[in-house]
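# Structural characterization, general
Next come the chains, spelled out residue by residue.
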Amino acid sequence: PAEQYAVSTGNHPNGFTDEACVCYQGLLLADPKNPRWAHCLAIIISGVGRLDEAIELWRFVTATDSQYVPAQVRLGDALLKANRVDEAVTVYNAVCLLNRNNPYALVGLARVDMANAQWVRARERLELAVQESHAAIGEDLLVTVYEKLGMQQNARAIVGRRKVAGTFFDPPDPWVDEIFFIF
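To keep things clear, this report deals only with the structure shown in the data block. Since we're looking at a predicted model, the values are computed, not measured. (Residues numbered from 1 in each chain as written. Predicted model: local features only at pLDDT ≥ 70, side-chain atom pairs only at ≥ 80, totals over all residues. Heavy atoms only, no water.)

Turning our eyes to something else, we now look at the packing of helix α7 (residues 103–115) against helix α9 (residues 139–148). Packed helices, taken two at a time, are described by their axes: the angle between them and the distance between them. Between α7 and α9, the shortest axis-to-axis distance is 11 Å and the interhelical angle comes to 30 degrees. Taken together, the axes of α7 and α9 lie roughly parallel to each other. Between α7 and α9 the crossing geometry is left-handed. Across the interface between the two elements, Val107, Arg111 and Met114 from α7 touch Leu141, Thr144 and Val145 from α9. Across the contact of α7 with α9, the residue classes tally to four nonpolar, one polar and one charged. (Axes fitted to C-alpha atoms, helices over the stretch in contact; angles between N-to-C directions. Helix = DSSP H or I, 4+ residues; strand = E, 2+ residues; numbered from the N terminus. Parallel < 35°, antiparallel > 145°, perpendicular 65-115°, else oblique. Left-handed = near helix turned anticlockwise from the far one by under 90°. Contact = heavy atoms within 4.5 Å. Nonpolar A, V, L, I, M, F, W, Y, C, P; charged D, E, K, R; others polar.)

A separate point is unusual backbone geometry. Residues other than glycine seldom take positive phi values, yet Asn83 does so here, at roughly 65 degrees. Along the chain, Asn83 turns up in the loop between α5 (69–81) and α6 (85–98). On the basis of relative accessibility, which here comes to 62%, the residue Asn83 falls in the exposed class. Look at Ala117: it is not a glycine, yet its phi comes out positive at around 55 degrees. Positionally, Ala117 belongs in the loop between α7 and α8 (119–132). (Buried < 20%, exposed > 50% of the residue type's maximum accessible area, 1.4 Å probe, protein only.)

On to the packing of α6 against α7, then. In contact at an axis separation of 9 Å, α6 and α7 are set at 150 degrees when each is read in the N-to-C sense. Here α6 lies roughly antiparallel to α7, going by the angle between them. Pair α6 / α7 crosses with left-handed handedness. In contact with Val85, Val89, Tyr92, Asn93, Val95 and Cys96 of α6, α7 contributes Tyr104, Ala105, Leu106, Gly108, Leu109 and Val112. Taken together, the residues of the contact of α6 with α7 sort by class into ten nonpolar, two polar and no charged.

This next bit is on the packing of aromatic side chains. Tallying each qualifying case throughout the model produces one aromatic pair. On the numbers, 3.6 Å between centres and 5 degrees between planes, the contact of Tyr68 with Trp175 is stacked. Taken together, the residues Tyr68 in the loop between α4 (51–64) and α5 and Trp175 in helix α11 (residues 174–180) connect sequence positions 107 residues apart. Tyr68 sits in the buried class, given a relative accessible area of 8%. Of the residues examined, Trp175 reaches a relative accessible area of 7% and is grouped as buried. (Phe/Tyr/Trp six-rings, centres within 6.5 Å; stacked < 30°, edge-to-face > 60°.)

Here the structure, examined in full by the defined rule, presents zero disulfides. Of the cysteine sulfurs around Cys21, a residue in no disulfide, the closest is that of Cys23, at 9.3 Å. We classify Cys21 as buried; its relative accessible area is 11%. (Disulfide = S-S within 2.5 Å.)

Written as structure tokens, this is what we have:
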């Protein structure tokens, strides 16, 4: 029965999020132990501000599959957005234990450092995140950190290399990717 719902789940990248939510809820009913459906539903509802619900879903996902790093990163991000900073730090640190130097967890930890004016530690984490992600994430924040540390030349070098405008890429997520390529 769960496979029947999968056809419709691919609609949400095209803006059919309401329909996708119904499908994921159906998948959760049909296949309640499969963390993929909760993960995909959490991605959608977190994007519309339903963070508490998304956090609960990601807690289920990470409890069911503690090795699935994309769900842990998204849980950390949702906790940080919900201003549950200590919980977010715990999750990001757990990600780094599973996947050393995970750039997404490093950026999350750097955001906490920045909020606490821990500029040197934020710089170290962001430089590593930029290196690990091949400059896909973290450079926009690194400009701010360099400026706070008086490293204007470093900040200008990044801005000179590329237009930095807060671009953020979601973490690679095989569970989500496979849904889009089922059919």
